[in-house]
Amino acid sequence: MKKIMLVFGTRPEAIKMAPLVKEFQKRLDVFDIIVCVTGQHRQMLDQVLQLFEIVPDYDLDIMKPGQDLYDVTSRVLLGMRDVLKEAEPDLLLVHGDTTTSTASALAAFYLQIPVGHIEAGLRTYNLNNPWPEEMNRQLTGRIAKYHFSPTQLSAENLKNERVFGNIEITGNTVIDALYWVTDKIKNDNELYLQLEYSLAKAGYDIKRIQKGRKVVLITGHRRENFGEGFVNICKAIREISEKHTDVDFIYPMHLNPNVRVPILKVFGKKQIDNLFFIEPLEYLSFVFLMERSYLILTDSGGVQEEAPGLGKPVLVMRTTTERPEAVDAGTVKLVGTDVDKIVEGVSHLLNSKEEYDKMSKAVNPYGDGKASIRIVSFFNDLNI
Ligand code: UD1
Ligand code: UDP
(Lines give C-alpha, C1' and ligand atoms only; values in the text may rest on other atoms or scores of the structure.)
(Ligands and ions follow the chains in the order given, each with its own letter.)
Protein backbone atom coordinates (compact mmCIF):
# COMPACT_ATOMS: atom_id res chain seq x y z
CA MET A 1 0.00 0.00 0.00
CA LYS A 2 1.19 3.51 -0.81
CA LYS A 3 0.58 5.69 2.20
CA ILE A 4 -0.22 9.22 1.04
CA MET A 5 -1.16 12.15 3.23
CA LEU A 6 -2.95 15.20 1.85
CA VAL A 7 -2.80 18.40 3.90
CA PHE A 8 -4.75 21.63 3.49
CA GLY A 9 -6.11 24.38 5.68
CA THR A 10 -7.87 27.22 3.86
CA ARG A 11 -11.08 27.41 1.81
CA PRO A 12 -9.48 27.47 -1.66
CA GLU A 13 -7.06 24.63 -0.84
CA ALA A 14 -9.97 22.54 0.41
CA ILE A 15 -12.01 23.19 -2.76
CA LYS A 16 -9.02 22.25 -4.92
CA MET A 17 -7.88 19.23 -2.87
CA ALA A 18 -11.38 17.76 -2.39
CA PRO A 19 -11.64 16.25 -5.90
CA LEU A 20 -8.22 14.67 -5.38
CA VAL A 21 -9.21 13.17 -2.03
CA LYS A 22 -12.34 11.77 -3.69
CA GLU A 23 -10.33 10.32 -6.58
CA PHE A 24 -7.77 8.68 -4.26
CA GLN A 25 -10.60 7.24 -2.21
CA LYS A 26 -11.79 5.33 -5.28
CA ARG A 27 -8.47 3.43 -5.21
CA LEU A 28 -8.18 2.23 -1.63
CA ASP A 29 -6.87 -1.08 -3.00
CA VAL A 30 -3.64 0.78 -3.91
CA PHE A 31 -3.52 3.74 -1.56
CA ASP A 32 -3.78 4.27 2.14
CA ILE A 33 -5.10 7.85 2.20
CA ILE A 34 -4.74 10.15 5.19
CA VAL A 35 -6.36 13.57 5.24
CA CYS A 36 -4.93 16.22 7.54
CA VAL A 37 -6.39 19.71 7.88
CA THR A 38 -4.51 22.44 9.67
CA GLY A 39 -7.63 24.51 10.29
CA GLN A 40 -5.82 27.67 9.14
CA HIS A 41 -9.39 28.64 8.24
CA ARG A 42 -12.18 27.28 10.42
CA GLN A 43 -15.73 28.10 9.30
CA MET A 44 -14.73 28.60 5.65
CA LEU A 45 -12.85 25.29 5.64
CA ASP A 46 -15.65 23.41 7.37
CA GLN A 47 -18.15 24.64 4.72
CA VAL A 48 -16.10 22.82 2.08
CA LEU A 49 -15.45 19.66 4.12
CA GLN A 50 -19.18 19.35 4.67
CA LEU A 51 -20.08 19.83 1.00
CA PHE A 52 -17.60 17.19 -0.21
CA GLU A 53 -18.29 14.93 2.79
CA ILE A 54 -14.64 14.74 3.81
CA VAL A 55 -13.88 13.73 7.38
CA PRO A 56 -10.23 14.53 8.18
CA ASP A 57 -8.07 12.01 10.02
CA TYR A 58 -6.16 14.85 11.67
CA ASP A 59 -7.28 18.39 12.45
CA LEU A 60 -4.66 20.73 13.92
CA ASP A 61 -7.38 23.34 14.54
CA ILE A 62 -4.84 26.18 14.61
CA MET A 63 -6.99 29.18 13.63
CA LYS A 64 -7.10 32.12 16.00
CA PRO A 65 -8.95 35.36 15.28
CA GLY A 66 -6.55 37.93 13.84
CA GLN A 67 -3.67 35.43 13.51
CA ASP A 68 -0.49 36.65 11.87
CA LEU A 69 2.00 34.86 9.64
CA TYR A 70 4.23 33.88 12.57
CA ASP A 71 1.26 32.28 14.35
CA VAL A 72 0.21 30.26 11.32
CA THR A 73 3.73 29.23 10.28
CA SER A 74 4.86 28.08 13.71
CA ARG A 75 1.64 26.27 14.61
CA VAL A 76 1.51 24.43 11.29
CA LEU A 77 5.22 23.51 11.45
CA LEU A 78 4.99 22.10 14.98
CA GLY A 79 1.59 20.49 14.44
CA MET A 80 2.72 18.80 11.23
CA ARG A 81 5.91 17.55 12.91
CA ASP A 82 3.80 15.52 15.32
CA VAL A 83 1.26 14.34 12.74
CA LEU A 84 3.93 13.24 10.27
CA LYS A 85 5.91 11.45 13.00
CA GLU A 86 2.81 9.56 14.05
CA ALA A 87 1.35 8.75 10.61
CA GLU A 88 4.66 8.16 8.79
CA PRO A 89 3.32 8.65 5.25
CA ASP A 90 5.41 7.73 2.19
CA LEU A 91 4.49 11.07 0.65
CA LEU A 92 2.89 14.38 1.60
CA LEU A 93 0.75 16.28 -0.90
CA VAL A 94 0.42 20.02 -0.37
CA HIS A 95 -1.45 22.61 -2.42
CA GLY A 96 -0.67 26.01 -3.88
CA ASP A 97 0.82 28.91 -1.98
CA THR A 98 -0.68 29.26 1.48
CA THR A 99 1.29 29.19 4.71
CA THR A 100 -0.29 25.81 5.47
CA SER A 101 1.22 24.52 2.26
CA THR A 102 4.77 25.82 2.75
CA ALA A 103 5.06 25.12 6.49
CA SER A 104 3.75 21.57 5.91
CA ALA A 105 6.23 21.00 3.09
CA LEU A 106 9.03 22.18 5.37
CA ALA A 107 7.86 19.88 8.17
CA ALA A 108 7.96 16.94 5.72
CA PHE A 109 11.39 17.98 4.46
CA TYR A 110 12.79 17.96 8.01
CA LEU A 111 11.59 14.35 8.32
CA GLN A 112 12.85 13.49 4.83
CA ILE A 113 9.37 12.68 3.62
CA PRO A 114 8.94 13.42 -0.12
CA VAL A 115 6.53 16.19 -1.04
CA GLY A 116 4.19 16.50 -4.02
CA HIS A 117 3.01 19.99 -4.96
CA ILE A 118 -0.43 20.43 -6.48
CA GLU A 119 -0.93 23.66 -8.50
CA ALA A 120 2.80 24.07 -8.95
CA GLY A 121 4.70 26.69 -10.90
CA LEU A 122 2.38 29.71 -10.75
CA ARG A 123 4.55 32.81 -10.60
CA THR A 124 4.55 36.60 -10.74
CA TYR A 125 8.26 36.78 -9.78
CA ASN A 126 7.31 39.74 -7.59
CA LEU A 127 7.85 38.75 -3.95
CA ASN A 128 5.57 41.54 -2.73
CA ASN A 129 2.66 40.63 -4.96
CA PRO A 130 0.97 38.43 -4.01
CA TRP A 131 2.47 38.54 -0.54
CA PRO A 132 3.44 36.20 1.05
CA GLU A 133 2.15 33.71 -1.54
CA GLU A 134 4.84 34.27 -4.18
CA MET A 135 7.57 33.32 -1.68
CA ASN A 136 5.45 30.47 -0.29
CA ARG A 137 5.08 28.77 -3.65
CA GLN A 138 8.71 29.30 -4.65
CA LEU A 139 9.85 27.70 -1.38
CA THR A 140 7.46 24.78 -1.82
CA GLY A 141 8.75 24.40 -5.37
CA ARG A 142 12.31 24.00 -4.02
CA ILE A 143 11.23 21.36 -1.53
CA ALA A 144 8.88 19.29 -3.69
CA LYS A 145 9.89 16.18 -5.60
CA TYR A 146 6.68 15.91 -7.67
CA HIS A 147 5.22 19.05 -9.28
CA PHE A 148 1.71 19.08 -10.77
CA SER A 149 1.34 22.15 -12.96
CA PRO A 150 -2.04 23.29 -14.21
CA THR A 151 -0.75 24.70 -17.51
CA GLN A 152 2.15 24.60 -19.94
CA LEU A 153 3.25 28.03 -18.74
CA SER A 154 3.43 27.04 -15.07
CA ALA A 155 5.43 23.95 -16.02
CA GLU A 156 7.83 26.14 -18.05
CA ASN A 157 8.40 28.34 -14.99
CA LEU A 158 9.52 25.30 -13.01
CA LYS A 159 11.76 24.03 -15.79
CA ASN A 160 13.43 27.44 -15.99
CA GLU A 161 13.97 27.36 -12.22
CA ARG A 162 15.55 23.91 -12.50
CA VAL A 163 13.50 22.45 -9.68
CA PHE A 164 14.23 18.83 -8.73
CA GLY A 165 12.05 15.89 -9.66
CA ASN A 166 9.09 15.35 -11.98
CA ILE A 167 6.99 18.09 -13.55
CA GLU A 168 3.58 16.93 -14.82
CA ILE A 169 0.98 19.07 -16.61
CA THR A 170 -2.40 18.01 -15.28
CA GLY A 171 -4.79 20.96 -15.45
CA ASN A 172 -6.06 22.57 -12.27
CA THR A 173 -8.17 20.49 -9.87
CA VAL A 174 -10.34 23.60 -9.34
CA ILE A 175 -11.99 22.79 -12.67
CA ASP A 176 -12.70 19.25 -11.40
CA ALA A 177 -14.43 20.83 -8.38
CA LEU A 178 -16.27 23.36 -10.53
CA TYR A 179 -17.63 20.70 -12.90
CA TRP A 180 -18.65 18.53 -9.97
CA VAL A 181 -20.68 21.41 -8.55
CA THR A 182 -22.18 22.67 -11.84
CA ASP A 183 -23.24 19.09 -12.70
CA LYS A 184 -24.86 18.76 -9.30
CA ILE A 185 -26.81 22.02 -9.71
CA LYS A 186 -27.88 21.36 -13.31
CA ASN A 187 -31.44 20.07 -13.68
CA ASP A 188 -31.98 19.55 -9.97
CA ASN A 189 -35.10 21.50 -9.13
CA GLU A 190 -35.07 20.64 -5.45
CA LEU A 191 -31.46 21.79 -5.10
CA TYR A 192 -32.31 24.98 -7.01
CA LEU A 193 -34.98 25.79 -4.43
CA GLN A 194 -32.54 25.02 -1.60
CA LEU A 195 -29.93 27.34 -3.11
CA GLU A 196 -32.53 30.05 -3.65
CA TYR A 197 -33.47 29.69 0.01
CA SER A 198 -29.88 29.71 1.28
CA LEU A 199 -29.10 32.86 -0.75
CA ALA A 200 -32.21 34.54 0.63
CA LYS A 201 -31.04 33.58 4.11
CA ALA A 202 -27.62 35.07 3.33
CA GLY A 203 -29.38 38.31 2.36
CA TYR A 204 -30.01 38.20 -1.40
CA ASP A 205 -33.29 37.42 -3.15
CA ILE A 206 -32.47 35.63 -6.41
CA LYS A 207 -35.89 36.64 -7.81
CA ARG A 208 -34.34 40.05 -8.45
CA ILE A 209 -32.19 38.40 -11.17
CA GLN A 210 -35.21 36.58 -12.59
CA LYS A 211 -36.89 39.99 -12.88
CA GLY A 212 -34.00 41.16 -15.07
CA ARG A 213 -31.48 42.79 -12.73
CA LYS A 214 -27.81 42.24 -13.56
CA VAL A 215 -25.41 41.18 -10.81
CA VAL A 216 -21.83 42.26 -10.23
CA LEU A 217 -20.31 39.70 -7.85
CA ILE A 218 -17.45 40.96 -5.68
CA THR A 219 -14.86 39.22 -3.50
CA GLY A 220 -11.62 40.44 -1.94
CA HIS A 221 -9.10 39.34 0.66
CA ARG A 222 -5.47 39.81 -0.47
CA ARG A 223 -3.00 40.88 2.19
CA GLU A 224 -1.21 43.34 -0.13
CA ASN A 225 -4.57 45.16 -0.48
CA PHE A 226 -5.08 45.57 3.29
CA GLY A 227 -5.31 49.18 4.44
CA GLU A 228 -5.43 51.73 1.63
CA GLY A 229 -6.20 49.11 -1.05
CA PHE A 230 -9.36 47.94 0.69
CA VAL A 231 -10.50 51.45 1.50
CA ASN A 232 -10.15 52.24 -2.23
CA ILE A 233 -12.02 49.08 -3.20
CA CYS A 234 -14.88 50.07 -0.87
CA LYS A 235 -14.97 53.64 -2.20
CA ALA A 236 -15.09 52.30 -5.76
CA ILE A 237 -17.92 49.92 -4.88
CA ARG A 238 -19.88 52.79 -3.31
CA GLU A 239 -19.40 54.94 -6.40
CA ILE A 240 -20.38 52.29 -8.95
CA SER A 241 -23.36 51.03 -6.97
CA GLU A 242 -24.68 54.60 -6.71
CA LYS A 243 -24.04 55.17 -10.41
CA HIS A 244 -25.66 51.93 -11.64
CA THR A 245 -28.85 51.70 -9.61
CA ASP A 246 -30.32 49.18 -12.08
CA VAL A 247 -27.57 46.67 -11.20
CA ASP A 248 -27.15 44.64 -7.99
CA PHE A 249 -23.72 44.43 -6.35
CA ILE A 250 -23.21 41.41 -4.11
CA TYR A 251 -20.15 41.06 -1.90
CA PRO A 252 -19.81 37.85 0.16
CA MET A 253 -17.29 39.10 2.70
CA HIS A 254 -14.23 37.06 3.66
CA LEU A 255 -14.12 36.51 7.45
CA ASN A 256 -10.74 38.22 7.82
CA PRO A 257 -11.23 41.33 10.01
CA ASN A 258 -8.82 43.22 7.73
CA VAL A 259 -11.44 42.85 5.01
CA ARG A 260 -14.46 43.69 7.16
CA VAL A 261 -13.22 46.72 9.09
CA PRO A 262 -12.72 48.96 6.01
CA ILE A 263 -16.21 48.03 4.82
CA LEU A 264 -17.64 49.28 8.11
CA LYS A 265 -15.42 52.35 7.93
CA VAL A 266 -16.50 53.37 4.42
CA PHE A 267 -20.17 52.42 4.63
CA GLY A 268 -20.96 52.80 8.34
CA LYS A 269 -24.70 52.34 8.77
CA LYS A 270 -25.40 53.74 5.31
CA GLN A 271 -27.69 51.40 3.36
CA ILE A 272 -27.53 51.31 -0.43
CA ASP A 273 -30.55 49.51 -1.93
CA ASN A 274 -28.65 47.68 -4.67
CA LEU A 275 -25.56 46.78 -2.59
CA PHE A 276 -25.54 43.56 -0.57
CA PHE A 277 -22.78 42.70 1.87
CA ILE A 278 -23.36 39.09 2.82
CA GLU A 279 -21.59 36.29 4.73
CA PRO A 280 -19.14 34.02 2.82
CA LEU A 281 -21.16 31.62 0.75
CA GLU A 282 -20.90 27.89 0.81
CA TYR A 283 -19.17 26.76 -2.45
CA LEU A 284 -22.36 25.41 -4.06
CA SER A 285 -24.20 28.72 -3.51
CA PHE A 286 -21.20 30.72 -4.66
CA VAL A 287 -20.93 28.82 -7.96
CA PHE A 288 -24.72 29.11 -8.40
CA LEU A 289 -24.37 32.88 -7.99
CA MET A 290 -21.31 33.09 -10.26
CA GLU A 291 -23.32 31.35 -12.99
CA ARG A 292 -26.04 33.99 -12.60
CA SER A 293 -23.75 37.00 -12.40
CA TYR A 294 -23.10 39.45 -15.21
CA LEU A 295 -19.50 40.10 -14.27
CA ILE A 296 -17.07 39.51 -11.41
CA LEU A 297 -14.83 41.93 -9.56
CA THR A 298 -12.26 40.17 -7.41
CA ASP A 299 -8.71 39.79 -6.15
CA SER A 300 -9.15 36.03 -5.70
CA GLY A 301 -6.95 33.45 -7.39
CA GLY A 302 -9.51 30.66 -7.60
CA VAL A 303 -12.25 32.89 -8.96
CA GLN A 304 -9.93 33.97 -11.80
CA GLU A 305 -9.75 30.31 -12.80
CA GLU A 306 -13.43 29.42 -12.42
CA ALA A 307 -15.19 32.45 -13.93
CA PRO A 308 -13.66 32.20 -17.45
CA GLY A 309 -14.99 28.64 -17.70
CA LEU A 310 -18.46 30.00 -16.94
CA GLY A 311 -18.08 32.74 -19.56
CA LYS A 312 -18.06 35.52 -16.96
CA PRO A 313 -15.78 38.53 -17.46
CA VAL A 314 -13.44 39.13 -14.52
CA LEU A 315 -11.89 42.40 -13.41
CA VAL A 316 -8.99 41.69 -11.07
CA MET A 317 -8.24 44.20 -8.32
CA ARG A 318 -4.50 43.51 -8.40
CA THR A 319 -1.53 44.83 -10.35
CA THR A 320 -0.07 41.41 -11.18
CA THR A 321 -1.40 37.93 -11.76
CA GLU A 322 0.19 34.49 -11.75
CA ARG A 323 -2.68 33.39 -13.97
CA PRO A 324 -1.99 35.19 -17.27
CA GLU A 325 -3.65 32.50 -19.39
CA ALA A 326 -7.17 33.94 -19.01
CA VAL A 327 -5.82 37.49 -19.51
CA ASP A 328 -4.34 36.32 -22.81
CA ALA A 329 -7.64 34.68 -23.71
CA GLY A 330 -9.36 38.04 -23.16
CA THR A 331 -11.77 37.16 -20.31
CA VAL A 332 -9.73 38.62 -17.44
CA LYS A 333 -8.40 42.19 -17.04
CA LEU A 334 -6.29 43.71 -14.27
CA VAL A 335 -7.70 46.95 -12.84
CA GLY A 336 -5.61 47.28 -9.64
CA THR A 337 -7.01 49.06 -6.59
CA ASP A 338 -7.22 52.58 -7.92
CA VAL A 339 -10.78 53.91 -7.35
CA ASP A 340 -11.14 55.47 -10.82
CA LYS A 341 -9.76 52.42 -12.64
CA ILE A 342 -12.19 50.08 -10.85
CA VAL A 343 -15.16 52.38 -11.51
CA GLU A 344 -14.15 52.84 -15.14
CA GLY A 345 -13.60 49.11 -15.70
CA VAL A 346 -16.96 48.09 -14.27
CA SER A 347 -18.88 50.93 -15.95
CA HIS A 348 -17.33 50.15 -19.33
CA LEU A 349 -18.41 46.52 -19.12
CA LEU A 350 -21.91 47.50 -17.97
CA ASN A 351 -22.32 50.16 -20.67
CA SER A 352 -20.60 48.60 -23.68
CA LYS A 353 -22.23 45.51 -25.14
CA GLU A 354 -19.30 45.17 -27.53
CA GLU A 355 -16.72 45.08 -24.71
CA TYR A 356 -18.93 42.71 -22.72
CA ASP A 357 -19.34 40.30 -25.63
CA LYS A 358 -15.58 40.30 -26.18
CA MET A 359 -14.86 39.36 -22.57
CA SER A 360 -17.67 36.89 -21.98
CA LYS A 361 -16.58 34.11 -24.29
CA ALA A 362 -16.29 30.93 -22.24
CA VAL A 363 -12.71 29.64 -22.27
CA ASN A 364 -11.06 27.15 -20.02
CA PRO A 365 -7.29 27.47 -20.01
CA TYR A 366 -7.04 25.88 -16.56
CA GLY A 367 -8.22 22.35 -17.16
CA ASP A 368 -10.73 19.85 -18.45
CA GLY A 369 -12.01 18.48 -15.14
CA LYS A 370 -9.65 15.49 -15.16
CA ALA A 371 -6.66 16.84 -13.22
CA SER A 372 -7.31 14.61 -10.20
CA ILE A 373 -7.57 11.50 -12.38
CA ARG A 374 -4.17 12.34 -13.90
CA ILE A 375 -2.52 12.89 -10.52
CA VAL A 376 -3.87 9.66 -9.04
CA SER A 377 -2.85 7.74 -12.15
CA PHE A 378 0.69 9.20 -11.86
CA PHE A 379 1.06 7.85 -8.33
CA ASN A 380 -0.60 4.59 -9.26
CA ASP A 381 2.16 3.98 -11.81
CA LEU A 382 4.97 5.21 -9.56
CA ASN A 383 7.05 3.24 -7.11
CA ILE A 384 7.13 5.32 -3.94
C1 UD1 B 1 -5.28 32.78 3.52
C2 UD1 B 1 -4.01 32.54 2.72
C3 UD1 B 1 -4.16 33.10 1.29
C4 UD1 B 1 -5.43 32.57 0.63
C5 UD1 B 1 -6.61 32.89 1.53
C6 UD1 B 1 -7.86 32.31 0.93
C7 UD1 B 1 -1.80 32.63 3.78
C8 UD1 B 1 -0.70 33.49 4.25
N9 UD1 B 1 -2.89 33.26 3.31
O10 UD1 B 1 -5.38 34.18 3.75
O11 UD1 B 1 -3.04 32.71 0.51
O12 UD1 B 1 -5.57 33.19 -0.62
O13 UD1 B 1 -6.40 32.30 2.82
O14 UD1 B 1 -9.02 32.81 1.51
O15 UD1 B 1 -1.71 31.43 3.87
N16 UD1 B 1 -11.05 33.87 9.49
C17 UD1 B 1 -12.10 33.35 10.22
N18 UD1 B 1 -12.67 32.18 9.78
C19 UD1 B 1 -12.27 31.52 8.68
C20 UD1 B 1 -11.22 32.06 7.94
C21 UD1 B 1 -10.59 33.22 8.37
O22 UD1 B 1 -12.53 33.91 11.21
O23 UD1 B 1 -12.85 30.48 8.35
C24 UD1 B 1 -10.39 35.12 9.97
C25 UD1 B 1 -9.61 34.89 11.29
O26 UD1 B 1 -9.69 36.07 12.04
C27 UD1 B 1 -8.19 34.66 10.78
C28 UD1 B 1 -8.14 35.65 9.63
O29 UD1 B 1 -9.43 35.54 9.01
O30 UD1 B 1 -7.22 34.91 11.78
C31 UD1 B 1 -7.04 35.46 8.64
O32 UD1 B 1 -6.95 34.14 8.14
P33 UD1 B 1 -5.57 33.67 7.41
O34 UD1 B 1 -5.71 32.28 6.92
O35 UD1 B 1 -4.42 33.97 8.31
O36 UD1 B 1 -5.44 34.65 6.19
P37 UD1 B 1 -6.30 34.83 4.89
O38 UD1 B 1 -6.28 36.28 4.59
O39 UD1 B 1 -7.58 34.13 5.02
N1 UDP C 1 -15.71 30.99 -2.75
C2 UDP C 1 -16.74 30.43 -1.98
N3 UDP C 1 -17.56 31.27 -1.27
C4 UDP C 1 -17.41 32.62 -1.28
C5 UDP C 1 -16.35 33.18 -2.04
C6 UDP C 1 -15.51 32.33 -2.76
O7 UDP C 1 -16.92 29.22 -1.95
O8 UDP C 1 -18.20 33.33 -0.63
C9 UDP C 1 -14.80 30.08 -3.49
C10 UDP C 1 -14.50 30.44 -4.93
O11 UDP C 1 -15.42 29.86 -5.81
C12 UDP C 1 -13.09 29.87 -5.12
C13 UDP C 1 -12.47 29.99 -3.74
O14 UDP C 1 -13.55 30.15 -2.82
O15 UDP C 1 -13.11 28.49 -5.46
C16 UDP C 1 -11.56 31.18 -3.69
O17 UDP C 1 -11.18 31.45 -2.37
P18 UDP C 1 -10.42 32.77 -1.97
O19 UDP C 1 -10.78 33.86 -2.91
O20 UDP C 1 -10.69 32.98 -0.52
O21 UDP C 1 -8.89 32.37 -2.11
P22 UDP C 1 -7.85 32.39 -3.31
O23 UDP C 1 -8.38 31.58 -4.43
O24 UDP C 1 -7.61 33.83 -3.68
O25 UDP C 1 -6.60 31.81 -2.71
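Look up: the structure comes first, before these words.
### Concerning the site of ligand 1
Lining the immediate environment of ligand 1, one finds 24 residues, of which H41, Q43, K64, T99 and E133 sit closest. Contact distances for ligand 1 include 3.3 Å between an oxygen atom and a side-chain N or O atom of R223. When ligand 1 is considered free in solution it has 760 Å² of accessible area, and contact with the protein chains removes 95% of it. Split by residue class, the shell around ligand 1 holds 8 nonpolar, 11 polar and 5 charged.

### Considering empty space enclosed by the protein
Applying the stated criterion across every chain, the model contains 1 cavity of 30 Å³ or more. Space inside the largest cavity adds up to approximately 30 Å³. As for the largest cavity, its lining consists of I118, E119, F148, T170, G171, N172, T173 and I375. For the lining of the largest cavity, a count of residues per class yields 3 nonpolar, 4 polar and 1 charged.

### Let's talk about the site of ligand 2
Close contacts around ligand 2 come from 16 residues, with L281, S300, G301, G302 and E306 the closest. R11 has a polar side-chain atom sitting 2.8 Å from an oxygen atom of ligand 2. Residue L281 places a main-chain N or O atom 2.7 Å away from a nitrogen atom belonging to ligand 2. About the coverage of ligand 2: the protein hides 94% of its 540 Å² of free accessible area. Residue assignment for the shell around ligand 2 shows that the elements contributing at least two residues are α1 (11-25), α12 (283-291) and α13 (301-309). Per element, the largest residue contribution to the shell around ligand 2 is 4 residues, and it comes from α13.

### Quick look at the side chain of E161
Relative to the elements of secondary structure, E161 occurs in helix α6 (residues 152-161). Setting aside its immediate chain neighbours within four residues, E161 contacts R123, Y125 and R142.

### With respect to the sheet that holds strand β3 (residues 58-59)
The 7 strands are arranged β3-β2-β1-β4-β5-β6-β7 in an open sheet whose pairing can be described as parallel. Lying at the two open borders of the sheet, with one neighbouring strand each, are β3 and β7 (166-169). Across 2 bridges, strand β2 (residues 31-37) lies against β3 in parallel orientation. Each residue of the ladder has a partner; that of C36, found in β3, is Y58.

### Here we look at a nonpolar patch on the surface
A surface patch of nonpolar side chains, about 240 Å² in accessible area, is lined by L127, M135 and L139. Locating M135 in the fold gives a position in helix α5 (residues 133-143). Relative accessible area serves as the criterion here: at 35%, M135 is assigned to the partly exposed category.

### Describing the packing of aromatic side chains
Counting across every chain of the model gives 14 aromatic pairs. Geometrically, the ring pair formed by F24 and F31 is edge-to-face, given 4.9 Å between the ring centres and 80° between the ring planes. Aromatic pair Y204 and F276: ring centres 4.9 Å apart, planes at 85°, arrangement edge-to-face. In this pair, Y204 sits in the loop between α8 (189-202) and α9 (207-210) while F276 sits in strand β10 (residues 275-278), placing the two residues 72 residues apart along the sequence. No difference in accessibility class separates Y204 from F276, as the two residues are buried. A connected cluster of aromatic rings, assembled from ring pairs, spans Y146, F148, F378 and F379. One Lys or Arg, K214, reaches over the ring of Y294 and ends 4.4 Å from the middle of that ring.

Analysis parameters
- All chains use their own residue numbering, which begins from 1 and follows the written sequence.
- Throughout, the order in which chains and ligands are written sets their labels, letters from A for the former and numbers from 1 for the latter.
- In keeping with the predicted nature of the model, local features appear solely for residues at pLDDT of at least 70, side-chain atom pairs appear and are counted solely at 80 or more, and the whole-chain, interface and lining totals rest on all residues.
- Excluded from the side-chain calculation are hydrogens and water; included are all heavy atoms of the structure.
- We call a residue near a given molecule or strand whenever any one of its heavy atoms falls within 4 Å of it.
- Definition of a polar contact: a pair of N or O atoms within 3.5 Å, with one able to donate and the other able to accept a hydrogen when the atoms are protein atoms, and with sequence-neighbouring residues admitted only if both atoms are side-chain atoms.
- Here, Shrake-Rupley sampling with a 1.4 Å probe gives the accessible areas, and only protein chains in the shown set may cover a residue.
- Each residue receives one of three labels: charged for Asp, Glu, Lys and Arg, nonpolar for Ala, Val, Leu, Ile, Met, Phe, Trp, Tyr, Cys and Pro, and polar for the others, Gly being one of them.
- Computed over the protein atoms alone on a 1 Å grid, cavities are sets of points where a 1.4 Å probe fits but cannot get out and pockets are open sets with protein on both sides within 12 Å along at least five of seven lines; a residue lines them when it has an atom within 4 Å of a point.
- Grid points are joined across faces, edges and corners, and a volume is the space filled by probe spheres set on the points.
- Each helix corresponds to a stretch of at least 4 residues labelled H or I by DSSP, and each strand to a stretch of at least 2 residues labelled E; elements are numbered beginning at the N terminus.
- By definition in these notes, contact holds between two residues if any of their heavy atoms fall within 4.5 Å.
- Here, a strand pair is defined by DSSP locating no fewer than two bridges between the strands.
- Like-charged residues are merged into a patch within 9 Å and nonpolar side chains (Val, Leu, Ile, Met, Phe, Trp, Tyr) within 5 Å, provided each residue has over 30% relative accessible area and no salt bridge.
- Think of a salt bridge as a Lys or Arg side-chain nitrogen and an Asp or Glu carboxyl oxygen that are within 4 Å of each other.
- Buried means the residue's accessible area, taken with a 1.4 Å probe over protein chains only, is under 20% of the maximum for its type, while exposed means over 50%, and partly exposed covers the values in between.
- Stacked, tilted and edge-to-face are the three classes assigned to paired rings of Phe, Tyr and Trp, where Trp is represented by its six-membered ring and a pair needs centres within 6.5 Å; plane angles under 30 degrees give stacked, over 60 edge-to-face, the rest tilted.
- By the criterion adopted, a ring carries a charge over it if an Arg CZ or a Lys NZ lies within 6 Å of its centre and within 35 degrees of its normal.

From the geometry alone we can't say anything about function, so treat these as descriptive.
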